[in-house]
Protein chains: 2
Amino acid sequence: MRQKNQEKYKRIIDAATKVFAEKGFYKAKVSEIAQQAGVADGTIYIYFDHKDDILISLFEEKMKEVLNNMKEQIRSETDPLKKIEKFALVHLKLIRDNKDIAEIIQVELRQSSKFMKNYHNTKFFEYLDLIGDIIEEGKERGLIRDDILPGIAKRAFFGALDEMSRFWVLSKKPKYDIETASEQISSFFINGIRR
Amino acid sequence: MRQKNQEKYKRIIDAATKVFAEKGFYKAKVSEIAQQAGVADGTIYIYFDHKDDILISLFEEKMKEVLNNMKEQIRSETDPLKKIEKFALVHLKLIRDNKDIAEIIQVELRQSSKFMKNYHNTKFFEYLDLIGDIIEEGKERGLIRDDILPGIAKRAFFGALDEMSRFWVLSKKPKYDIETASEQISSFFINGIRR
DNA sequence: CTAGAAACTGAATGACCATTCAGGTTAAGA
DNA sequence: TCTTAACCTGAATGGTCATTCAGTTTCTAG
């Protein structure tokens with residue numbers, strides 16, 4: 001089923017991305033997703049069990065991409081501090097180039113914790129851990145202060161980037177460009193934690 | 001009306017705080033808020049126009065408190081860098097002591113942009129600006145680097161704190177205590193931006 | 001104490017939409 | 001060409017609330 005017509009599955013996911021981003025999960029109508037995807041309402045239920053299931057699948061798909069992409073990009077740097085810079089830049093570029101995904105991650109990621117008490121967003125934690133690992137590495141190499149707690153630092157760094165994204169996603173006219181913001185944020189952070 | 005029985009108005013707001021925090025805005029039933037507040041369903045509509053209106057009023061009320069409280073606490077410090085430390089501590093304490101409010105600000109603040117395209121959360125921007133102002137002051141006094149852009153820095157700092165809050169709000173067993181987290185975060189940030 | 005207004009109540013209404021399913025279409029193999 | 005299983009369709013169903021409002025209670029002022 002999800003094998004026969006993978007193309008249709010993707011089309012629904014993409015339609016959902018667009019509709020969820022625009023209206024938010026609860027205001028989005030399944031029929032609108034169907035229309036956007038060019039299929040009948042009922043067809044959605046051949047590919048997904050519930051409306052919830054669409055959102056969850058969407059997350060999984062998109063986060064997988066994001067995660068792989070980020071890993072790839074980070075790999076090219078060897079210096080942990082450079083990796084942090086790279087992370088910031090890639091993250092913000094991702095936001096700029098994929099507003100829809102950004103908006104969903106922004107808004108629905110929060111929602112989802114409540115929305116599905118059981119659904120644990122593993123991929124998101126993996127993403128956070130990319131930062132954690134870089135910090136660990138930096139500590140081992142003596143580039144980062146010993147007293148830094150990676151569990152806090154990774155969240156602080158992600159949070160900083162994420163809040164900046166929110167600003168972009170919500171405002172019409174971006175006030176700062178990606179490069180400036182990513183430089184500033186990684187500079188605060190690197191100066192803040194380096195030895 | 002909102003004058004006659006201000007006590008009932010508050011009771012509804014408090015009930016809504018509890019219910020929204022637990023279920024999220026969309027899954028929260030007006031009838032449940034009514035029950036929680038000990039009034040009839042219809043009574044809600046004497047005090048509020050729509051369900052939306054409850055959420056917005058709730059924001060206004062709570063943010064007013066938060067804002068005043070923060071201003072008060074900050075005032076006692078004179079050194080901008082100390083103010084930043086204080087801000088972090090007060091913010092995180094607030095989260096710890098008001099999980100319900102925290103959860104709503106966390107989740108619904110995001111939602112609200114989409115949820116009411118027109119509603120501009122002034123109070124939230126005021127809150128952000130508290131940080132912006134501290135940074136400006138620090139720059140003027142030569143304590144903070146000239147190249148720091150307060151518009152970015154304030155968001156980065158808030159984002160860091162906010163992401164940490166999210167972690168607490170969502171996880172059962174807080175891994176770090178407020179004091180540690182606030183020290184770490186303000187230390188990254190202060191070292192990151194100081195001259 | 002009494003009339004009228006203001007508040008309050010909660011059952012009834014009606015809109016909205018996720019989900020279903022009876023019937024149609026497509027495609028592949030014989 | 002025929003069969004039939006897999007797919008797809010979209011109108012109909014049913015459940016869920018937000019919101020209303022006719023009726024009741026409480027308050028106020030004269």
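Note that residues are indexed from 1 along each chain, following the sequence as it is written. All chains are assigned letters beginning with A, and all ligands numbers beginning with 1, in the order in which they are written. Per-residue local features are limited, in this predicted model, to residues with pLDDT of at least 70; the limit for side-chain atom pairs, both in listing and counting, is 80 or more; totals at the level of whole chains, interfaces and linings are taken over all residues.

**Q** Could you give me a rundown of the overall build of chain A, with the residues and numbers involved?
**A** Runs of E in the DSSP output that reach at least two residues are strands. Runs of H or I that reach at least four are helices, and both are numbered from the N terminus. The number of helices and strands found in chain A is nine helices and zero strands. Beginning at the N terminus, the succession of helices and strands in chain A can be written as α-α-α-α-α-α-α-α-α. Along the first, second and third principal axes, the C-alpha atoms of chain A reach 60 × 35 × 30 Å. Working definition of burial: number of other C-beta atoms within 10 Å of the residue's own, with buried at 20 or more, exposed at 12 or fewer, and partly exposed in between, all C-beta atoms being placed from the backbone. Here chain A holds 195 residues, and 40% of them are scored as buried.

**Q** Which residues make up the interface of chain A and chain B, and what are the values?
**A** In this description, any two residues whose backbone-derived C-beta atoms lie within 7 Å of each other are considered to be in contact. Opposite the 35 residues of chain A that make contact, chain B presents 34 residues. Contributions of two or more residues to the side of chain A that touches chain B are made by α6 (99-115), α8 (150-170) and α9 (178-193) of chain A. The element best represented in the side of chain A that touches chain B is α8 of chain A, accounting for 13 residues. Note on residue classes: Ala, Val, Leu, Ile, Met, Phe, Trp, Tyr, Cys and Pro are nonpolar, Asp, Glu, Lys and Arg are charged, and everything else, Gly too, is polar. In terms of residue class, the side of chain A that touches chain B is made up of 18 nonpolar, ten polar and seven charged.

**Q** So what's going on with the packing of helix α5 (residues 80-97) of chain A against helix α7 (residues 122-140) of chain A? Residues and values would help.
**A** Residue and element names in this part refer to chain A. Where α5 contacts α7, the two axes come as close as 9 Å, and the packing angle between them is 160°. One element, α5, and the other, α7, form an angle in the roughly antiparallel class. Here α5 runs over α7; the crossing is left-handed. Packed against α5, whose contacting residues are Pro80, Leu81, Lys83, Ile84 and Phe87, the element α7 presents Ile131, Ile134, Glu137 and Gly138 at the interface. A breakdown of the residues in the contact of α5 with α7 according to their chemical character gives six nonpolar, one polar and two charged. Between N-to-C directions, angles span 0 to 180 degrees; the directions come from axes that are lines fitted to C-alpha atoms, helices contributing only their stretch in contact. We call two directions roughly parallel when the angle between them is under 35 degrees, roughly antiparallel when it is over 145, roughly perpendicular when it lies between 65 and 115, and oblique otherwise. Each crossing is labelled by how the near helix is turned from the far one, with a counterclockwise turn of less than a right angle marking it left-handed and a clockwise turn marking it right-handed.

**Q** I'd like to hear about the relation of the copies chain A and chain B, residue by residue, with values.
**A** Least squares is used to superpose the copies, and the fit set is the C-alpha atoms of residues whose pLDDT is at least 70 in both copies. Rotating chain A by 180° about the axis while translating it 0.0 Å along that axis superimposes it on chain B, leaving an RMSD of 0.0 Å. Seen this way, the second copy is the image of the first under a two-fold rotation axis. Taken as a fraction of all interface residues of chain A, those also at the interface in chain B reach 97%, which identifies the copy contact as same-surface.

**Q** A description of the protein's contact with DNA strand C should follow, citing residues and the corresponding values.
**A** As a matter of local geometry, DNA strand C sits amid 18 residues, with Val30 and Gly42 of chain A together with Ala40, Gly42 and Thr43 of chain B nearest to it. When residues of the surface near DNA strand C are traced back to their parent elements, those giving at least two are α2 (30-37) and α3 (41-47) of chain A together with α3 (41-47) of chain B. Sorting elements by how many residues they give to the surface near DNA strand C places α3 of chain B first, with four residues. Counted by class, the surface near DNA strand C contains six nonpolar, six polar and six charged residues. Placing a C-beta atom from the backbone of each residue, we mark the residue near a molecule or strand if the atom is within 6 Å of it.

**Q** Residues and numbers for α2 of chain A, please.
**A** All names here are of chain A. Where α2 is concerned, the buried positions are Ile33, Ala34 and Ala37. The buried residues of α2 all sit within an arc of 100° when viewed along its axis, so they share a single face. For α2, the secondary structure elements touched by its buried residues are α1 (6-23) and α3. Phi turns positive, to about 70°, at glycine 38, one or two residues after α2. By definition, the arc is the one covered by directions from the helix axis to the C-beta atoms.

**Q** Mind laying out the nonpolar core, listing which residues take part and the relevant values?
**A** To count as a nonpolar core, a set of buried Ala, Val, Leu, Ile, Met, Phe, Trp, Tyr and Cys residues must be joined through C-beta atoms within 7 Å. Of all hydrophobic cores here, the largest spans 100 residues; its most connected members are Ile185 of chain A together with Ile185 of chain B. Not counting the four nearest positions on each side in its chain, isoleucine 185 of chain A is found in contact with Ala88, Ala160, Leu161 and Met164 of chain A together with Ile152 and Ala156 of chain B.

**Q** Break down the confidence of the model for chain A for me, with residues and values.
**A** Each residue gets a pLDDT score, which is the predictor's confidence in that residue and runs from 0 to 100. Scored by pLDDT, chain A comes out at a mean of 91, with 94% of its residues at no less than 70. Confidence scores differ between elements of chain A, with α6 of chain A showing the lowest mean pLDDT of 77 and α2 of chain A the highest of 98.

**Q** If you had to explain the environment of alanine 153 of chain A to someone new, which residues and values would you point to?
**A** Positionally, alanine 153 of chain A belongs in helix α8. As a C-alpha pair, alanine 153 of chain A and glycine 132 of chain A span 21 residues in sequence and 7.5 Å in three-dimensional space. When near neighbours in sequence (up to four residues on either side) are disregarded, alanine 153 of chain A contacts Ile135, Ile148 and Ile193 of chain A together with Phe188 of chain B.

**Q** Account for the packing of α5 of chain A against α9 of chain A, with residues named and values stated.
**A** All names here are of chain A. Relative orientation of the contacting elements α5 and α9 amounts to 145°, with a least axis distance of 9 Å. Crossing angle aside, the handedness with which α5 passes α9 is right-handed. Where α5 approaches α9, its residues Leu81, Ile84, Glu85, Ala88, Leu89, Leu92, Lys93 and Arg96 are matched on the opposing element by Ile178, Ala181, Ser182, Ile185, Ser186, Phe189 and Ile190. Residue composition of the contact of α5 with α9, grouped by class: ten nonpolar, two polar and three charged.

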